[in-house]
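# Coordinate inspection notes
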Amino acid sequence: MARVTSLCVYCGASAGSDPRHADAATELGKWLGESGITLVYGGGRVGLMGIVADAALAAGGKVIGVIPTMLKTREIAHSGCEMIAVDTMHARKQKMFELADAFAILPGGLGTLDEAFEMITWKQLRMHDKPILLLDIAGYWRPFREMMRHVVEGGFARGEHETLITPVETIAAIPAALAALPEPAIPAQPDKL
């Protein structure tokens, strides 16, 4: 079983058009807070980011935001959590990686895709073996999963690359998904990232 004491959540700075995504962010934050799992996230108080952070805080959880200085006003940095300001987007991803035992990817836009692809790529390169949960709420990530299959079918990745992520369709399924995963075999090597 993968032991998780901190979960990095990647998600949109917008709530999106489907209310099920905001509901899932609320449910995830509540579960994290009630489970005593630290939320590590992008530090904003808007969109799904703000929703998941607010729910975790309301449930008594610990929340750590990591935000580049240039986005403190654009994403409106959350004032209710521990905040770490960094200089660049890359430094944000690095710091979030260092603070997390696992990753969860809620619906989001290009920034969420960037963060997800980087962690998946690092895992492919065996730079880490932390669990990556793709929270496929209401089928949002179905095209992404199809694209990954397409890349494999096109000969640009091996079949096992699809196993770099664990798709989960509901927040309630997260504990069982984590329990089914083995303990990470590759120690984190942040100095090599």
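Structure: see above.
Below: a short report on this structure. Keep in mind it's a predicted model, so treat the numbers as computed, not measured.

## Comments concerning the packing of aromatic side chains
Two descriptors summarise a pair of aromatic rings, namely the distance from one centre to the other and the angle between the planes of the rings. All chains considered together, the criterion is met by six aromatic pairs. With centroids separated by 5.4 Å and ring planes inclined at 85°, the aromatic side chains of F97 and W122 adopt a geometry described as edge-to-face. Of the two residues, F97 sits in helix α3 (residues 89-99) while W122 sits in helix α4 (residues 110-124), which places them 25 residues apart along the sequence. W122 matches F97 in its accessibility class, with the two residues each being buried.

## Describing the sheet that holds strand β2 (residues 38-41)
Read from one edge of the open sheet, seven strands run β4-β3-β2-β1-β5-β6-β7, paired in parallel fashion. Unpaired on one side and paired on the other, β4 (82-86) and β7 (166-168) mark the two borders of the sheet. Averaged over all pairs of adjacent strands, the angle between strand axes in this sheet comes to 25°, irrespective of strand direction. In the packing of helix α2 (residues 47-58) onto the sheet, contacts are made with β2 and β3 (63-68), and the angle to β2 comes to roughly 160°.

## Here we look at α2
Between its first and last C-alpha, α2 extends 17 Å over twelve residues, near the 16 Å set by a 1.5 Å rise per residue. Packing partners of the buried residues in α2 comprise α1 (19-35), β2 and β3. Two residues or fewer past α2, G60 is found with a positive phi of approximately 85°.

## Focus: the pairing of strand β6 (residues 132-135)
Every second residue of β6 is oriented toward a common face, with I132 and L134 on one face and L133 and L135 on the other, all of them buried. As paired elements, strand β5 (residues 102-105) and β6 share three bridges and run parallel to each other. Paired with A104 across the two strands is L133, which belongs to β6. The handedness of the β5 to β6 crossover, carried by α4, is right-handed.

## Notes on the nonpolar core
Within soluble globular proteins, side chains that are nonpolar tend to cluster in buried spots. L7, V9, L28, L39, L106, L135 and I174 are the most contacted members of the largest nonpolar core, which has 32 residues in total. If you tally residues by element for this core, the top one is α1, at six residues. Not counting residues up to four positions away in its chain, the partners in contact with L28 are L7, V9, V52, L106, L135, I171 and I174.

## Looking at the environment of L71
Tracing the sequence through the fold places L71 in the loop between β3 and β4. The exposure class assigned to L71 is buried, which follows from its relative accessible area of 5%. Sequence spacing of L71 and A85 is 14 residues, and the spatial spacing of their C-alpha atoms is 9.5 Å. Once residues within four sequence positions are removed from consideration, L71 is found in contact with I76, M89 and R92.

## Section: the state of the cysteines
Counted under the stated rule, the structure contains zero disulfides. Unpaired in terms of disulfides, C8 finds its nearest cysteine sulfur in C11, a separation of 9.2 Å. Of the cysteine sulfurs around C81, a residue in no disulfide, the closest is that of C11, at 12 Å. By relative accessible area, C81 is classed as buried at 13%.

## Overview of unusual backbone geometry
What is expected of a backbone is that most residues other than glycine have negative phi and most peptide bonds are trans. Despite not being glycine, R126 has its phi angle at roughly 65°, a positive value. Structurally, the position occupied by R126 is in the loop between α4 and β6. One non-glycine residue with positive phi stands out, namely A138, at about 55°. Its place among the elements puts A138 in the loop between β6 and α5 (142-153).

What counts and how
- Per chain, residues are indexed from 1 in the order of the written sequence.
- Residue-level local features of this predicted model are given only where pLDDT is at least 70; pairs of side-chain atoms are given and counted only at 80 or more, and the full residue set underlies all totals for whole chains, interfaces and linings.
- By convention in this description, side-chain values take in all heavy atoms of the structure and omit both hydrogens and water.
- Stacked, edge-to-face and tilted are the three classes for Phe, Tyr and Trp ring pairs, Trp counted by its six-membered ring, which pair at centre distances within 6.5 Å; planes under 30 degrees apart are stacked, over 60 edge-to-face, the rest tilted.
- Numbering of helices and strands runs from the N terminus, with a helix taken as a DSSP run of H or I at least four residues long and a strand as a DSSP run of E at least two residues long.
- Exposure categories follow from relative accessible area, calculated using a 1.4 Å probe and restricted to protein chains: below 20% of the type maximum is buried, above 50% is exposed, and the middle band is partly exposed.
- For two strands to count as paired, DSSP must find a minimum of two bridges between them.
- Inter-axis angles, ranging from 0 to 180 degrees, are taken between N-to-C directions of lines fitted to C-alpha atoms, where helices are fitted over the stretch in contact.
- Any two residues having at least one pair of non-hydrogen atoms within 4.5 Å are treated as being in contact.
- Expected helix span is taken as 1.5 Å per residue step, with the number of steps being one fewer than the number of residues.
- Every crossover in which the path from the first strand over the helix to the second runs clockwise, viewed with the strands pointing away from the viewer, is termed right-handed.
- Only buried Ala, Val, Leu, Ile, Met, Phe, Trp, Tyr and Cys residues count toward a nonpolar core, and they belong to the same one when joined by side-chain atoms within 4.5 Å.
- When two cysteine sulfur atoms are found within 2.5 Å, that pair is recorded as a disulfide.

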